[in-house]
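Chain and residue survey
One letter stands for each residue in the lines below.
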Amino acid sequence: RKPPRGVLNWVAEPKPGQQPLQFEARIYDTLFKSEDPNVHEDWLSDINPESLVVLQGCYANPALASAKPGDCFQFERLGYFCMDPDTKPGHLVFNRTVTLKESVSKQVAAAKQGIAGKK
């Protein structure tokens, strides 16, 4: 039996006949593909094209409509998001600040590798 390939998340109708709140999500990732863009002759060629992905039409609980720019939330299974100052009435924008998929062991290993490389 094969495990599922993805995760299905859903937002129910808050009340019968009421639609879930829609928002724009800005998913930020690392700006450069490599750890040290200076090693490339043309550092612009090392820019990660996926460093910003904008998702339109995302759904959320209507309680987020009262959030203010700078307010932070954990979106289930996705990470931590803060409301962006670009938010306007009728157009909410949330920026992902931290993903939940980054493990501490991965961060520690990267830090050790960085320290070892400086010796």
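Rules used throughout
- Residues numbered from 1 in each chain as written.
- Predicted model: local features only at pLDDT ≥ 70, side-chain atom pairs only at ≥ 80, totals over all residues.
- Heavy atoms only, no water.
- Pairing = 2+ DSSP bridges.
- Helix = DSSP H or I, 4+ residues; strand = E, 2+ residues; numbered from the N terminus.
- Axes fitted to C-alpha atoms, helices over the stretch in contact; angles between N-to-C directions.
- Phe/Tyr/Trp six-rings, centres within 6.5 Å; stacked < 30°, edge-to-face > 60°.
- Buried < 20%, exposed > 50% of the residue type's maximum accessible area, 1.4 Å probe, protein only.

Here we come to the sheet that holds strand S1 (residues 21-28). An order of S2-S1-S5-S4-S3 is seen for the 5 strands of this open sheet, with the pairing classed as mixed. Looking at the sheet topology across the chains shown, the edges are occupied by strand S2 (52-60) and strand S3 (72-75). Going from strand to strand, the sheet's axes swing by 35 degrees on average, the running direction of each strand aside. Summarising the sheet, strand S4 (residues 79-83) and strand S5 (residues 92-98) pair through 4 bridges and their orientation is antiparallel. By the bridge assignment for S5, Phe81 is matched with Arg96.

With that out of the way, let us pick up the packing of aromatic side chains. One pass over the full model with this rule turns up 6 aromatic pairs. With a centroid separation of 5.3 Å and 85 degrees between ring planes, the pair formed by Phe23 and Phe94 is classed as edge-to-face. One end of the pair, Phe23, is in strand S1; the other, Phe94, is in strand S5, and 71 residues separate them in sequence. With a relative accessible area of 7%, Phe23 lands in the buried category. Here Phe94 falls in the buried class, since its relative accessible area comes to 0%. Relative to Phe94, the ring of Phe73 lies with its centre 6.0 Å away and its plane at 75 degrees, an arrangement referred to as edge-to-face. Separated by 21 residues along the polypeptide, Phe73 in strand S3 and Phe94 in strand S5 bring together distant segments of the chain. Assessed through its relative accessible area of 26%, Phe73 is described here as partly exposed. Linked through ring pairs, Phe23, Phe73, Phe75, Phe81 and Phe94 together constitute an aromatic cluster.

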